[in-house]
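# Reading the structure
This is what each chain is made of:
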Protein chains: 2
Amino acid sequence: LEFKILGTGSATPLLDRNPSAFMLSIDNYLILIDCGEGVQQRFLQHKIKYSRINHIFISHLHGDHYFGLIGLISSFNMNKRTEPLYIFGPNGLNDIISMQLKLSNSKLNFNLVFTIINPEVSETIIENDVFKIDTIPLKHRVPCTGFLVIKKASKRKILSNLLPENFPISYIKRLVDGENVFDELSGKSYLNIDYTAEGNKEKRFAYCSDTIFDLSIIDKIMNVDLLYHEATFLTEQQNRAEVTYHSTAAQAAQIAAKANVKKLIIGHFSSRYKTLEQFYIESTAVFVPSHLAVEGESYII
Amino acid sequence: LEFKILGTGSATPLLDRNPSAFMLSIDNYLILIDCGEGVQQRFLQHKIKYSRINHIFISHLHGDHYFGLIGLISSFNMNKRTEPLYIFGPNGLNDIISMQLKLSNSKLNFNLVFTIINPEVSETIIENDVFKIDTIPLKHRVPCTGFLVIKKASKRKILSNLLPENFPISYIKRLVDGENVFDELSGKSYLNIDYTAEGNKEKRFAYCSDTIFDLSIIDKIMNVDLLYHEATFLTEQQNRAEVTYHSTAAQAAQIAAKANVKKLIIGHFSSRYKTLEQFYIESTAVFVPSHLAVEGESYII
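Residues numbered from 1 in each chain as written. Chains lettered and ligands numbered in written order. Predicted model: local features only at pLDDT ≥ 70, side-chain atom pairs only at ≥ 80, totals over all residues. Heavy atoms only, no water.

### Quick word on the pattern of salt bridges
- Counted under the stated rule, the structure contains 20 salt bridges over all chains.
- The salt bridge partner of Lys132 of chain A is Asp134 of chain A, with a shortest N-O separation of 3.7 Å.
- What makes Lys132 of chain A partly exposed here is its relative accessible area of 22%.
- For Lys262 of chain B, the salt bridge goes to Asp225 of chain B, with nearest N and O atoms at 3.1 Å. Taken as a pair, Lys262 of chain B in the loop between helix 8 (249-258) and strand 16 (264-267) and Asp225 of chain B in the loop between helix 6 (218-221) and strand 15 (226-230) lie far apart in primary sequence, 37 residues in all.
- Residue Lys262 of chain B is classed as exposed on the basis of its relative accessible area, which comes to 54%. (Salt bridge = Lys/Arg side-chain N within 4 Å of Asp/Glu carboxyl O. Buried < 20%, exposed > 50% of the residue type's maximum accessible area, 1.4 Å probe, protein only. Helix = DSSP H or I, 4+ residues; strand = E, 2+ residues; numbered from the N terminus.)

### A few points about unusual backbone geometry
All names here are of chain A.
- Put simply, Ser209 and Asp210 share a cis peptide bond, and its omega is 0°.
- Relative to the helices and strands, Asp210 is located in the loop between strand 14 (203-208) and helix 6 (218-221).
- For Asp34, which is not glycine, the phi torsion reads 60° and is therefore positive.
- Within the secondary structure layout, Asp34 lies in strand 3 (residues 29-35).
- In this structure, Tyr245 takes a positive phi of about 60° despite not being glycine.

### Describing the confidence of the model for chain A
- Scored by pLDDT, chain A comes out at a mean of 96, with 100% of its residues at no less than 70.
- Model confidence for the complex is summarised by a pTM of 0.92, with the ipTM given as 0.90. (pLDDT = per-residue confidence, 0-100.)

### Regarding the nonpolar core
- Counting 56 residues, the largest nonpolar core has Phe43 of chain A together with Phe43 of chain B as its most contacted members.
- Not counting residues within four places of it along the chain, the set of residues in contact with Phe43 of chain B comprises Leu6, Met23, Leu32, Ile48, Tyr50, Ile53 and Leu72 of chain B. (Core = buried A, V, L, I, M, F, W, Y, C linked by side-chain atoms within 4.5 Å. Contact = heavy atoms within 4.5 Å.)

### Comments concerning the relation of the copies chain A and chain B
- Overlaying chain A with chain B gives an RMSD of 0.2 Å, the required rotation being 180° about an axis along which the chain moves by 0.1 Å. Taken together, the rotation and translation describe the operation of a two-fold axis. The position closest to the rotation axis in chain A is occupied by the C-alpha of Gly38 of chain A, lying 2.5 Å away.
- Most of the interface of chain A is mirrored in chain B: 100% of its interface residues are interface residues there too. (Least-squares fit on C-alpha atoms with pLDDT ≥ 70 in both.)

So, in structure tokens, the structure goes:
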């Protein structure tokens, strides 16, 4: 599970701080979380093969989280995409995209499959063999949702070198599934514990942007391996954070500490701050394994 | 009259080729023509004080010409703009912007004044003491308009050093307006020709993007000082240009030659072409004073 940062800014961009956009790689899946303006330039800059994206998750309808989506959809179409594109986002997103496609007289070569997120409750919105994503209701000025991404534990790993030649595939499948195998022909038993090793453990990543300081999310993000939490302001602007339904670096760190997460990344920095050292100071003072989001950097869980 | 290029690409961006956006400076007016995605980053990059923009002209509703507009409006609002913003564009643009503002629960601090352009006829859509802009109906896959920008001839210039001290302001005004002045008190005549010099001549700039090769625009752009004309393709793709209602470099140059313009700039290059030398070769073969659009460069008329 790899989390790559494409945007560290908030509403107003700076030259080195683009609006929110994040890539998740889970095995062969390439997933985009939020899609700020100019995201295609970020893909080019960081050499991301974005044609492989099949799933896009939009947290809310503030522009710095979705203004790049219509352009991305248009480029997919220009580039002759045929694979369906699954978009999960708030009510209204579908209408915005549809209106713009209609007015540009665009007929898509691929299916656009919208799932409207209910911002009021935590729900599983996608699940397959590899991963599962649950929503995290957030408190912001408009309906807003975070995402809990769970990469499932992999099955037990087969220790091929210990097995006899021509060992049947059906037996391997049963061993991987955790069973023991008794071969009637040879009368030999193959105990799961002897021929397999433990698989990869489950991994958890939580994305929480944008939100006011809100202890009610703790339950949902408890013990995650990596938490991305917005930190638009420093403590000196805590009042402004409350009024605008954003968080400070110290508040993000409190959430991380209370939820006992392994590592915290903060981002979504207000453009009023030209340098970010103080974010690091205020966050690590509360929660040591805090990191500042840096565009182009990846975290592997 | 200064024309500054912020985007040289077409539908799909490249790292060094952004979608269409152009700045016009006419005396104190700062005017944006087309507004591709990421335009705010271009402003930052080229140090343009974009809060001074009061007029935006959108040629048509293909995304590479307007996807940056909603973000720009949002940033104006974040930056506490109060001046009205005048937007001229095709029918539907107002609805796109309004829907997005509504869904993000945004209340603007300034007036957004939309003028819907009739794409069928050439009309004057704005006129003041300094400039006048007429539309140029273009032929594209969706309703599309070019713009003829006329900087008006300035009044005659006063030769202050020849005038007596304490010469009345009202007399100066009359001289600048081209009149002669007779001063009853002194009995002296001040002939316009003695005390003023010719003002700046009228300047004309035409913007034609996007369009199929179309001789019917010639009349409108005749003799302009500077013509920007799209050149999405090379001659080897002339069929594709026709199908997609675009032009080739050679066709843009033919238009420039037939319209007897002083200088031609071509842009809107397809991302299929990684280098642009051939555009220059094919354009200058037909019309010598041809230039390739380069991002960040300005042309002063």
